[in-house]
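Chains, contacts and geometry: an overview
Chain residues, written in single-letter form:
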Amino acid sequence: MRPFTPMGMAAFKLVSAGAAALCGFPPADRLAGAPIMAEAGQRVFLDITPAVRSRAGRMILPRMLAVGEARAGVIFQQVAQDPRLSVTSTSMLPLIRTAMRAAGRVGAPERVALALARPRAALAFTRRLGDKLEARLAISPDATAEQRLDHAERVLRGTFPTILSIMPIAIAGYAGLGLAGKLSGAKGEQLQAVLRSLPNNPTTEMDLELWHLAREIAADPEAAGQFRSARVSELADAYERGELRAQRAVAGFLSRYGHRGVAEIDLGMPRWSDEPAHILGVLANYLRLDNEDLAPDAMFARGAQEAERAVRTIVAMAAAKGRRRGRLAAFALRRTRMFAGLRELPKYYAVEVLAAVRRSMRVVGEELVAKDVLDSADDVYFLDLRETRQALTGGSLRELVAGRRAAYEQEVRRRHVPRMLLSDGTEPEALAVRAEAGEGGLTGTPASAGTVTGTARVVLDPTGAHLEPGEILVAPSTDPGWTPLFLTAGGLVMEMGGSMSHGAVVAREYGIPAVVGVADATHVIVTGATITVDGSGGIVSVAG
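What comes next is a walk through the structure. (Residues numbered from 1 in each chain as written. Predicted model: local features only at pLDDT ≥ 70, side-chain atom pairs only at ≥ 80, totals over all residues. Heavy atoms only, no water.)

So, on to the overall build of the protein. Across its full length, the protein carries 22 helices and 10 strands. In terms of overall dimensions, the protein is globule-like: its C-alpha atoms have a radius of gyration of 24 Å, near the 24 Å expected for 544 residues. Across the 544 residues in the protein, those meeting the buried criterion constitute 51%. Long-range contacts, defined here as pairs at least 24 residues apart, represent 68% of the contacts in the protein between residues at least 6 apart. In the form shown here, the protein has an accessible surface area of approximately 24600 Å², with 55% of it arising from carbon and sulfur atoms. (Helix = DSSP H or I, 4+ residues; strand = E, 2+ residues; numbered from the N terminus. Rg over C-alpha atoms; globule rule 2.2 N^0.38 Å. Buried < 20%, exposed > 50% of the residue type's maximum accessible area, 1.4 Å probe, protein only. Contact = heavy atoms within 4.5 Å. Areas by Shrake-Rupley, 256 points an atom, 1.4 Å probe, with all protein chains shown as cover.)

On to the sheet that holds strand β10 (residues 539–542), then. By definition, the strands of a sheet pair up through backbone hydrogen bonds, in either a parallel or an antiparallel sense. Strands sit in the order β3-β10-β9-β5-β6-β7-β8-β4 across an open sheet of 8 strands; the sheet is mixed. In this open sheet, the two strands that pair with only one neighbour each are β3 (441–443) and β4 (445–448). With direction set aside, neighbouring strand axes in the sheet form an average angle of 30 degrees. Bridging between β3 and β10 involves 3 bridges; their strand directions are antiparallel. If you follow Thr443 over to β10, its bridge partner there is Ile539. Along the sheet, helix α21 (residues 502–510) makes contact with β4, β7 (491–494) and β8 (514–516), crossing β4 at roughly 45 degrees. (Pairing = 2+ DSSP bridges. Axes fitted to C-alpha atoms, helices over the stretch in contact; angles between N-to-C directions.)

Our focus in this paragraph is empty space enclosed by the protein. Any empty space left between atoms is shown by rolling a water-sized probe over those atoms. Scanning all chains against the criterion turns up 1 cavity of 30 Å³ or more. Size it by volume and the largest cavity reaches roughly 110 Å³. What lines the largest cavity is Arg196, Ser197, Leu208, Pro296, Met299, Phe300, Phe486, Leu487, Ala489, Glu509, Tyr510 and Ile512. Taken together, the elements giving at least two residues each to the lining of the largest cavity come down to α16 (296–319) and α21. If you tally residues by element for the lining of the largest cavity, the top one is α16, at 3 residues. (1 Å grid on protein atoms, 1.4 Å probe; cavity = no way out; pocket = protein on both sides within 12 Å on 5 of 7 lines; lining within 4 Å. Points joined across faces, edges and corners; volume = space filled by probe spheres on them.)

Now for the layout of surface pockets. In this structure, the second largest pocket encloses a volume near 1200 Å³. The wall of the second largest pocket is formed by 47 residues, among which Arg256, His259, Glu352, Ala355 and Arg359 lie closest to the centre. Sorting the residues of the lining of the second largest pocket by element identifies α7 (119–137), α11 (202–218), α14 (247–257), α18 (345–370) and α20 (398–412) as the ones contributing at least two each. With 12 residues, the single largest contributor to the lining of the second largest pocket is α18. Considered class by class, the residues forming the lining of the second largest pocket number 19 nonpolar, 11 polar and 17 charged. (Nonpolar A, V, L, I, M, F, W, Y, C, P; charged D, E, K, R; others polar.)

Another point: α18. Between its first and last C-alpha, α18 extends 38 Å over 26 residues, near the 38 Å set by a 1.5 Å rise per residue. At the C-terminal side of α18, Asp372 shows a positive phi close to 65 degrees. (Expected span 1.5 Å × (residues − 1).)

On to the packing of aromatic side chains. As enumerated under the stated definition, the model contains 6 aromatic pairs in all. Both rings, one in Tyr257 and one in Tyr348, keep their centres 6.4 Å apart while their planes meet at 75 degrees; by these two values the pair is edge-to-face. Of this pair, Tyr257 sits in helix α14 while Tyr348 sits in helix α18; the two residues are 91 residues apart in sequence, bridging distant segments of the chain. Owing to a relative accessible area of 1%, Tyr257 belongs among the buried residues under this scheme. Classification of Tyr348 as buried rests on a relative accessible area of 10%. A network of ring pairs unites the aromatic residues Phe253, Tyr257, Tyr348 and Tyr349 as a single cluster. For the cation-ring pair, Arg101 lies above Phe25, with the distance from its terminal atom to the ring centre recorded as 6.0 Å. (Phe/Tyr/Trp six-rings, centres within 6.5 Å; stacked < 30°, edge-to-face > 60°. Lys NZ or Arg CZ within 6 Å of the ring centre and 35° of its normal.)

By size, the foremost hydrophobic cluster in this structure holds 102 residues, and its most contacted members are Phe227 and Leu283. If you tally residues by element for this core, the top one is α18, at 11 residues. Filtering out sequence-adjacent residues up to four positions away, Leu283 remains in contact with Leu210, Leu213, Ala214, Ile217, Phe227 and Val250. Grouped together as the second largest cluster of nonpolar side chains are 19 residues, Ala180, Leu198, Ala318 and Leu333 included. (Core = buried A, V, L, I, M, F, W, Y, C linked by side-chain atoms within 4.5 Å.)

Between helix α6 (residues 108–117) and α7, the least distance of the axes is 5 Å, while the angle of their chain directions is 130 degrees. By the criterion of interaxial angle, the relationship of α6 to α7 is oblique. Of the residues in α7, those touching α6 at Arg111, Leu114, Ala115, Leu116 and Ala117 are Pro119, Ala121, Ala122 and Phe125. (Parallel < 35°, antiparallel > 145°, perpendicular 65-115°, else oblique.)

A separate point is the pattern of salt bridges. Under the definition given, this model contains 27 salt bridges. Taking the shortest distance from any N to any O, the salt bridge between Asp82 and Arg84 comes out at 2.7 Å. Glu387 is paired through a salt bridge with Arg404; the nearest N and O atoms lie 2.7 Å apart. One end of the pair, Glu387, is in helix α19 (residues 385–391); the other, Arg404, is in helix α20, with 17 residues separating them in the sequence. Shared partners join several salt bridges into a network, and the residues in it are Glu146, Asp150, Glu153 and Arg389. (Salt bridge = Lys/Arg side-chain N within 4 Å of Asp/Glu carboxyl O.)

Attention shifts here to the packing of helix α3 (residues 55–68) against helix α4 (residues 70–79). Interaxial distance between α3 and α4 falls to 6 Å at its minimum, and their mutual angle equals 150 degrees. Considering the angle they form, α3 stands roughly antiparallel to α4. Seen from α3, the contacting residues are Gly57, Arg58, Leu61, Pro62, Leu65, Ala66 and Gly68; seen from α4, they are Ala70, Ala72, Gly73, Phe76 and Gln77. When grouped by side-chain class, the residues that make up the contact of α3 with α4 number 7 nonpolar, 4 polar and 1 charged.

Pasting the structure below:
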């Protein structure tokens with residue numbers, strides 16, 4: 001879990017204020033964020049004390065953690081045994097009221113009904129939402145710094161609840177998968193196969209477009225030669241000078257996807273359009289893949305065929321128990337294939353919002369440089385929104401920025417980040433996550449079925465990372481900024497995450513064996529080691 005820049009933290013707090021208001025708990029000070037938020041080590045923590053002390057929380061939160069962050073779920077169960085945190089609230093009504101209020105405000109009943117009855121209209125709704133979002137983000141080039149700050153706060157506070165109205169449609173897709181499993185008796189790998197190569201997933205579409213760009217470069221001998229012979233830094237310099245052989249094609253990709261980046265939920269982090277070196281390095285790596293059977297587009301096509309076969313198998317299993325069951329299973333799985341990929345769309349739109357606000361704040365930073373408040377326009381990302389507004393009246397903030405940069409860089413280097421802290425600052429010990437699994441074995445959460453043996457590549461930061469085709473990616477966690485590496489990876493091992501975390505979901509869609517929630521994986525496994533990933537059993541074996 002990376003630290004946030006001060007501007008990124010300020011944006012996150014505003015977003016959380018909007019989420020709290022959605023649930024009926026608007027904070028008194030929106031810039032301070034939702035009341036359950038706490039900041040430590042420039043990272044966001046949530047106060048889960050009310051959940052630990054309520055019957056509803058103890059029922060629901062462990063299940064949520066199991067699919068999103070399995071190791072944290074183990075810690076939760078341990079903390080719940082502490083007599084100081086005994087249950088004080090036994091009623092389920094507050095949770096039910098909050099859930100119904102939030103569902104009503106994002107239009108969940110209407111969205112689910114639309115997804116079930118008029119699926120194409122539901123997809124059209126998601127596209128219209130993107131068009132409305134683009135219009136909402138527009139701001140005049142002549143806007144003053146004050147107007148830009150007002151616009152940023154308004155967008156950050158109010159846009160995200162609107163984006164969340166997509167989630168009921170995606171959830172309807174996953175609910176269809178669960179229903180089909182109940183009707184047919186299918187489990188595990190059979191159901192996972194339905195999620196291979198899902199359509200309507202903007203992250204998958206982005207990755208495949210990047211692959212097609214690599215193929216375009218490979219077809220041009222001069223462009224391919226430049227990518228194969230130059231260092232990534234040299235490619236980046238050539239792009240900045242407008243001298244890259246594939247300049248127009250790369251610029252076209254960045255015009256559509258340049259708002260994305262590593263740690264992209266932090267408004268203060270550079271986007272690919274700001275620093276294209278990462279994407280240029282990925283393209284250079286793709287040119288090394290010369291096995292057409294392993295080409296991502298071919299693998300995606302095979303994955304779609306496997307998914308259709310899985311659908312037919314599950315429908316036949318349901319039909320064997322009754323014709324109506326078969327028809328209902330077929331209906332449910334059609335919705336799954338159509339809508340499950342939309343789970344990535346809210347994040348995609350959210351990152352567009354953050355990128356637009358980031359660009360606007362850089363203009364404010366340029367004005368502060370002109371006022372002799374900052375040395376560089378990018379220094380503005382080491383102020384929060386309130387400080388930025390105050391800085392417009394003048395007065396140097398160079399020392400403040402320098403101190404925050406140093407503190408941020410120190411936190412970036414921190415390897416161990418507690419998943420849970422008690423109020424006295426102590427870190428509860430997780431239960432034995434590394435269970436005995438034989439010699440050299442590590443255990444975690446099964447995330448994507450299949451078994452693969454290959455060479456491990458430990459990557460702590462994907463920027464500039466090099467992954468040979470077929471190598472097994474070992475990482476602390478991943479977000480969409482990492483996924484270009486997935487196209488050539490033979491498997492995935494992550495320290496964080498659960499069965500529905502980003503890395504797990506993308507690995508299933510790409511058909512990559514994966515185990516997540518593996519304690520200390522990036523410490524225990526070293527680059528070059530031969531490891532076996534059992535994505536069905538949740539075991540990673542290290543050859544010794």
